[in-house]
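This is what each chain is made of:
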Amino acid sequence: MSDLLLLGLIGGLTLLLLLTLLAFAGYSGLLAGVAVSAGSPPIRNVTVAYKFHMGPYSETGRLFTESCSVSPKLRSIAVYYDNPHMVPPEKCRCAVGSILSEGEESPSPELIQLYQKFGFKVFSFPAPSHVVTTTFPYTSTLSIWLATRRVHPALDAYIKERKLCAHPRLEIYQQDQIYFMCPLARQGDFYVPEVKETERKSRGPAEASDTQMDGTGADTMSDTSSVSLDVGPGSRETSAATLSPGVSSRGWDDGDTRSEHSYGESGASGSSFEELDLEGEGPLGEPRLSPEAEPLGASKWPREPITPEKGEE
């Protein structure tokens, strides 16, 4: 009898453990629905303190830890520029840090100096008029792991079906939610200087090889050849701070910052948000795009970032 009782006790504890793990997974978002839509951004224009990283996205955990250690109460933000399914891990680029201020509020000089002391740089992102966005519960560290395997495939499917040009990919950790956002306008204003510098370096040799000389020494390169990122209406240093949020025009920055295998590739020959049907208003008073809009034309990466623990934000 004692053996049967012991086996029954072990079986009961095992079942209880499995139920506990299942309940924890459900609490972390295992059964949460992922509703992707296009509309107003979940945040306004923001000023962020960031560190640039080139390498596997799984190595970004230390950057989240560093930014949270400086000021745990601030929201964390990450901007991913490359698709790790198409770009070698060592060449994937991202910026990770904290949101210093949002909207009309300006960050305090003391806060900026504090982050700069620890090697962070300060940059401003605008509030684009329209984005592809969704949310996912942020209740535990497991929520981050689940989000990378459930949210990104849903975003990819939505963008691909509608042939949108939506890039880069942002994650904002706010209270008990992770906000995912892919700008449909002003994309170039979300590219930090380090990303543009890598683009210049990579395009330099290619542009040099494309420039051919004819027999008389004349340059036969077409006027429509690729141009450098320096060409454009004004410098980036002033665009985010001076341009009004919500500008929907697609300028030079919107496309020229995109690498061949960036997140914008799914919509490289696709359409902008201006061709979608508008319906209702978003949280910031902007027109909202209908999630049920018909496609305009005809699996996502499992990333394993070690992002900040729940209590570190």
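The structure we're discussing is the one just above.
Predicted model only: the values in this text are computed from it and were never measured. (Residues numbered from 1 in each chain as written. Predicted model: local features only at pLDDT ≥ 70, side-chain atom pairs only at ≥ 80, totals over all residues. Heavy atoms only, no water.)

This part is about the side chain of Ser98. Assignment of secondary structure puts Ser98 in strand 4 (residues 93–102). Classification of Ser98 as buried rests on a relative accessible area of 0%. Reaching out from Ser98, the side chain makes a polar contact with the side chain of Tyr115 at a distance of 3.2 Å. Apart from residues no more than four positions distant in its own chain, Ser98 is found in contact with Thr47, Val48, Ala49, Ser67, Leu74, Arg75, Ser76, Ile77 and Tyr115. (Helix = DSSP H or I, 4+ residues; strand = E, 2+ residues; numbered from the N terminus. Buried < 20%, exposed > 50% of the residue type's maximum accessible area, 1.4 Å probe, protein only. Polar contact = N/O pair within 3.5 Å; in protein donor to acceptor, adjacent residues only side chain to side chain. Contact = heavy atoms within 4.5 Å.)

A few words now on the packing of aromatic side chains. With the rule as written, the count across this model stands at 8 aromatic pairs. Taking the centre distance of 6.4 Å and the plane angle of 80 degrees together, the rings of Tyr50 and Phe123 count as edge-to-face. Residue Tyr50 is found in strand 2 (residues 46–54), and its partner Phe123 is found in strand 5 (residues 121–125); the two are separated by 73 residues along the sequence. Judged by its relative accessible area of 10%, Phe123 is buried. Between the aromatic rings of Tyr57 and Tyr80, the centroid separation amounts to 4.8 Å while the plane-to-plane angle is 70 degrees, which identifies the pairing as edge-to-face. Linking Tyr57 in the loop between strand 2 and helix 2 (61–70) with Tyr80 in strand 3 (residues 76–80), this pair joins segments that are 23 residues apart in sequence. For Tyr57, a relative accessible area of 3% translates into the label buried. Looking at Tyr80, the relative accessible area reads 0%, which means it is buried. The structure contains a cluster of three or more aromatic residues connected by ring pairs, namely Tyr50, Phe123, Phe125 and Phe190. A cation sits over an aromatic face here: Lys51 above Phe120, 4.8 Å from the ring centre. The ring of Tyr158 is capped by Arg162, whose NZ or CZ atom sits 3.8 Å from the centre of that ring. (Phe/Tyr/Trp six-rings, centres within 6.5 Å; stacked < 30°, edge-to-face > 60°. Lys NZ or Arg CZ within 6 Å of the ring centre and 35° of its normal.)

Let's shift gears to the nonpolar core. Val132, Phe136, Leu155, Ile178 and Phe180 are the most contacted members of the largest nonpolar core, which totals 29 residues. Within the residue set of this core, elements represented by two or more residues are helix 2, strand 3, strand 4, strand 6 (131–137), helix 4 (141–161) and strand 8 (177–183). When residues in this core are grouped by element, the largest group, 7 residues, is from helix 4. The residues touching Ile178, leaving out its near neighbours within four places in the chain, are Thr134, Thr135, Phe136, Pro137, Tyr138, Ile144, Ala147, Ile172 and Tyr173. Ile43, Val79, Phe125 and Val131 belong to the second largest nonpolar core, which has 19 residues in total. (Core = buried A, V, L, I, M, F, W, Y, C linked by side-chain atoms within 4.5 Å.)

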